[in-house]
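The chain contents come next:
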Amino acid sequence: MPTLSELAQSHTELDSEDVEWLQLLMADWQILADLSFADLVLWLPDKSGNGFWAAGQMRPTTGPTAYVDDIVGMFVPKGRHATLDDAVDAGRLVREGDPEWRDDLPVRVETIPVRRAGRIIAVLSRNTNLLGVRTPSKLELSYLQTAADLTQMVANGYFPAVGQRSDHTDTPRVGDGFVRVDADGVVDYASPNALSVFRRLGLSGDLAGQSLAGMTRALVPPRKRPDEETLSAVLGGRAHRDTEIDTGVMAIIMRSIPLRPRGEAIGALVLLRDVTDLRRRDRELVTKDATIREIHHRVKNNLQTVAALLRMQSRRVDSGVAQDALNEAVRRVGSIALVHEILSQQAVEETVEFDEIADRLASMVGEVTSVGVAVRVRREGSFGSLPSEVATPMAMIVTELLQNAVEHGYRGNGPGDPETGKIVLSVRQQPAGHLQVTIEDDGHGLPDGFSLDTSTNLGLSIVKTLVEGELGGRLSLGPRPDGHGARAAVELPLEL
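Residues numbered from 1 in each chain as written. Predicted model: local features only at pLDDT ≥ 70, side-chain atom pairs only at ≥ 80, totals over all residues. Heavy atoms only, no water.

Student: Before we move on, can you summarise the overall build of the protein with the specific residues and values?
Tutor: Tallying secondary structure elements over the protein gives 12 helices and 19 strands in all. Scaling as 2.2 N^0.38, a compact globule of 496 residues should have a C-alpha radius of gyration of about 23 Å, whereas the protein reaches 34 Å, well beyond that. With respect to the principal axes defined by its C-alpha atoms, the protein has extents near 100 × 60 × 40 Å. When burial is assessed residue by residue, the protein has 47% of its 496 residues classed as buried. Taking the intrachain contacts of the protein between residues at least 6 apart in sequence as the baseline, contacts between residues at least 24 apart amount to 59%. (Helix = DSSP H or I, 4+ residues; strand = E, 2+ residues; numbered from the N terminus. Rg over C-alpha atoms; globule rule 2.2 N^0.38 Å. Buried < 20%, exposed > 50% of the residue type's maximum accessible area, 1.4 Å probe, protein only. Contact = heavy atoms within 4.5 Å.)

What follows is the structure in structure tokens.
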């Protein structure tokens, strides 16, 4: 489905500022659709003047739809729908006399020119399914009157509003709570849902006839209110802004849209939403986030303590074999601790940026090692974000393969052998969500007759178990393609 920007660029002469204006309109047109009980379609005039392109579509949440199918991207030739042509030619809202029938549904169509800087840049069609029309209540009459004011603002170039925008992803909708205030900020009408919000704040009477800002001041303690300028601007209907009030017992988002269909302010639409449960869940998530990070921190500390105990034990044994075994255990515990350290420092997520972990693991084996050779490890490519359940086994795999390359690739160097080594850790993202990791060294290479299946090396056994058993991947070990050194390759799916 093409986007507004794509259609505008391909088929119209609209500039970037025109497109930005239409995007602002579409950001708020759910409100207009709900107030109108009607589907909205945004039509862009073709640059050739031969018709219109449907660039956007919005269905109401307050009534039945007039469009069963999506029509974005559709082209309508000039003359097919006279109301579209008339809206551009006359420069005013146009309502056709007889309803049109779509899928056995009678639909009333109105077209509104979208004006910016004195120019008509698009046409907004409002399509009402007449089967959903019933005798209007006071609520519905208030909705329709407000919708009429907003559409007149669109036609005159006063809506959407440019300036401060809402940054709430949970911004209120029409059905959450609707209040209409006059030019003095006095409530003309409040929907039952809006009245319920204020009843939970402590209101005992009615909102109609009351100053919305004054009533809120009476119900909310000063230290729980937004600043006075914001409170007056939003609840007085003087600015297109929103604010949030959190009393500690309940939280409310309030949004104001000033109404000035002819240019002069006649009042405002104020939408309310009780977000108490959402804020409570947000606080719970923050608490859980901190708790999980603290758990990772404590696990890391405990693992470091275990590593320290193992190092102490290795210094107290006389056997070189035992010392090597304990030092390997220290290294394995340290690689797991490193993952928990990274997890303790980031927000709780399902993925882990693994490059930092890989680089720190490489530095652990890249210094002068027990074999007496300085080994430099270089990473090529990026691991990217790995699922958290993959990060710990991957850390163990990288550690074991790097250490195996050092210990077996350079041990036993004699006179004339190089005093340094080079290991390359390569990472490639393969098609179909696979990750390939290879570790190549320029050391002695594999011994004659080596077989991964019959090897008794503990480190390789750990790697094979993790790769094939836990991660469902494949492990291979052989000589480098040029015959110098060894190459270990791991391929595993990231969709576990």
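Student: Which residues make up the nonpolar core, and what values do they have?
Tutor: F354, F383, M394 and L435 are the most contacted members of the largest nonpolar core, which totals 40 residues. Elements with a minimum of two residues in this core: α10 (355-365), α11 (388-409), β16 (420-430), β17 (434-441), α12 (458-470), β18 (474-479) and β19 (486-493). What M394 contacts, discounting residues up to four positions off in sequence, is F354, F383, L386, L435, V437 and L492. Ranked by size, the runner-up nonpolar core spans 39 residues in total, among them L32, M153, Y189 and L271. (Core = buried A, V, L, I, M, F, W, Y, C linked by side-chain atoms within 4.5 Å.)

Student: I'd like to hear about the pattern of salt bridges, residue by residue, with values.
Tutor: For side chains of opposite charge, pairing can occur when their charged atoms come near one another. For the coordinates displayed, the defined rule picks out 20 salt bridges. Note that D18 and R119 form a salt bridge whose closest N and O atoms lie 2.9 Å from each other. A residue pair is termed long-range when its members are at least 10 positions apart, and D18 in helix α2 (residues 16-36) and R119 in strand β7 (residues 119-129) qualify at 101 residues. A cluster of three or more residues bridged by salt bridges with shared partners is formed by E17, D18, R116 and R119. (Salt bridge = Lys/Arg side-chain N within 4 Å of Asp/Glu carboxyl O.)

Student: Lay out the sheet that holds β19 with the relevant residues and their values.
Tutor: What the 5 strands build is an open sheet, ordered β14-β16-β17-β19-β18; its pairing is mixed. With partners counted over all chains shown, the strands left at the sheet margins are β14 (374-380) and β18, one partner each. Mean inter-strand twist for the sheet, computed between neighbouring axes without regard to direction, equals 15 degrees. With respect to the sheet, α11 is in contact with β14, β16, β17 and β19, its orientation differing from that of β17 by roughly 20 degrees. Across the sheet, α12 lies against β18 and β19, angled at about 140 degrees from β18, the strand it touches most. (Pairing = 2+ DSSP bridges. Axes fitted to C-alpha atoms, helices over the stretch in contact; angles between N-to-C directions.)

Student: How would you explain the pairing of strand β10 (residues 241-246) if you had to name every residue and give the values?
Tutor: Relative to strand β11 (residues 251-259), β10 runs antiparallel, the two being bridged by 6 bridges. From the neighbouring strand, T243 faces β11, where its bridge partner is M254. Between the antiparallel neighbours β10 and β11 lie 4 residues, among them G248 with a positive phi of about 95 degrees.

Student: Residue-level account of unusual backbone geometry, with values.
Tutor: In the segment running from F159 into P160, the intervening peptide bond is cis, with an omega of 10 degrees. Of note, P160 is situated in the loop between α4 (138-156) and β8 (178-182). The phi torsion at F37 lies on the positive side, around 55 degrees, for a residue other than glycine. Relative to the elements of secondary structure, F37 occurs in the loop between α2 and β1 (39-45). Residue F37 is classed as buried on the basis of its relative accessible area of 16%. Unlike most non-glycine residues, A117 shows phi in positive territory, near 55 degrees. Take A117: it is sitting in the loop between β6 (105-116) and β7.

Student: Which residues make up helix α6 (residues 212-219), and what values do they have?
Tutor: Listed in full, the buried residues belonging to α6 are L212, A213, M215 and T216. Angularly, the buried residues of α6 cover 165 degrees about the axis, an arc narrow enough to put them on a single face. (Arc of directions from axis to C-beta.)

Student: Provide a residue-level description of the pairing of β8, including the pertinent values.
Tutor: Of all the 5 residues making up β8, 4 are buried; the element is thus mostly covered by neighbouring parts of the structure. Of the strand pairs in this sheet, β8 and strand β12 (residues 267-274) are connected by 5 bridges, and their pairing is antiparallel. Opposite R180, over in β12, you have L269 as the bridge partner. Relative to strand β9 (residues 187-190), β8 is paired through 3 bridges, and the arrangement is antiparallel. Residue V181 lies in a different strand from β9, and its bridge partner there is V187. Adjacent in sequence and paired antiparallel, β8 and β9 are bridged by 4 residues, among which G185 carries a positive phi angle near 80 degrees.

Student: Lay out the sheet that holds β11 in plain terms, naming residues and giving numbers.
Tutor: A sheet is described by the order of its strands in space; here 5 strands give the open sequence β9-β8-β12-β11-β10, paired in antiparallel fashion. A strand with exactly one partner marks an edge of an open sheet, and here the two such strands are β9 and β10. Between one strand axis and the next, the sheet turns by 20 degrees as a mean value, whatever way the strands run. Across the sheet, helix α5 (residues 192-201) touches β8, β9, β11 and β12, and the angle it forms with β12 is around 60 degrees.

Student: Can you tell me about the packing of α2 against α4, naming the residues and giving the values?
Tutor: Direction vectors running N to C along α2 and α4 enclose 145 degrees, while the axes themselves pass 8 Å from each other. Seen from above, α2 lies across α4 with left-handed handedness. Where α2 abuts α4, its residues L25, I31, L32, D34, L35 and S36 lie against Y143, L144, T146, A147, L150, T151 and V154. For the contact of α2 with α4, the class distribution of residues is 9 nonpolar, 3 polar and 1 charged. (Left-handed = near helix turned anticlockwise from the far one by under 90°. Nonpolar A, V, L, I, M, F, W, Y, C, P; charged D, E, K, R; others polar.)

Student: Report on the packing of aromatic side chains, specifying residues and quantitative values.
Tutor: Taken as a whole and judged by the stated rule, the model has 5 aromatic pairs. An angle of 50 degrees between the planes, with centres 4.8 Å apart, marks the rings of W53 and F75 as tilted. With W53 in strand β2 (residues 51-58) and F75 in strand β3 (residues 75-77), the pair connects residues that are 22 residues apart, well separated along the chain. Its relative accessible area of 15% is what places W53 among the buried residues. Pairing F354 with F383 gives two aromatic rings, centres 4.9 Å apart and planes at 65 degrees, and the pair type is edge-to-face. Within this pair, whereas F354 is found in the loop between β13 (351-353) and α10, its partner F383 is found in the loop between β14 and β15 (385-387), the two being separated by 29 residues in sequence. (Phe/Tyr/Trp six-rings, centres within 6.5 Å; stacked < 30°, edge-to-face > 60°.)

Student: I'd like a description of the side chain of D355, backed by residues and values.
Tutor: Here D355 lies in helix α10. Those residues in contact with D355 that lie beyond four places of it in its chain are R379, S382, F383 and G384.

Student: Talk me through the side chain of S142; I want residue IDs and the actual numbers.
Tutor: For S142, the position within the fold is in helix α4. For S142, a relative accessible area of 14% gives the class buried. Residues in contact with S142, not counting those within four places in the same chain, are F178 and Y189.

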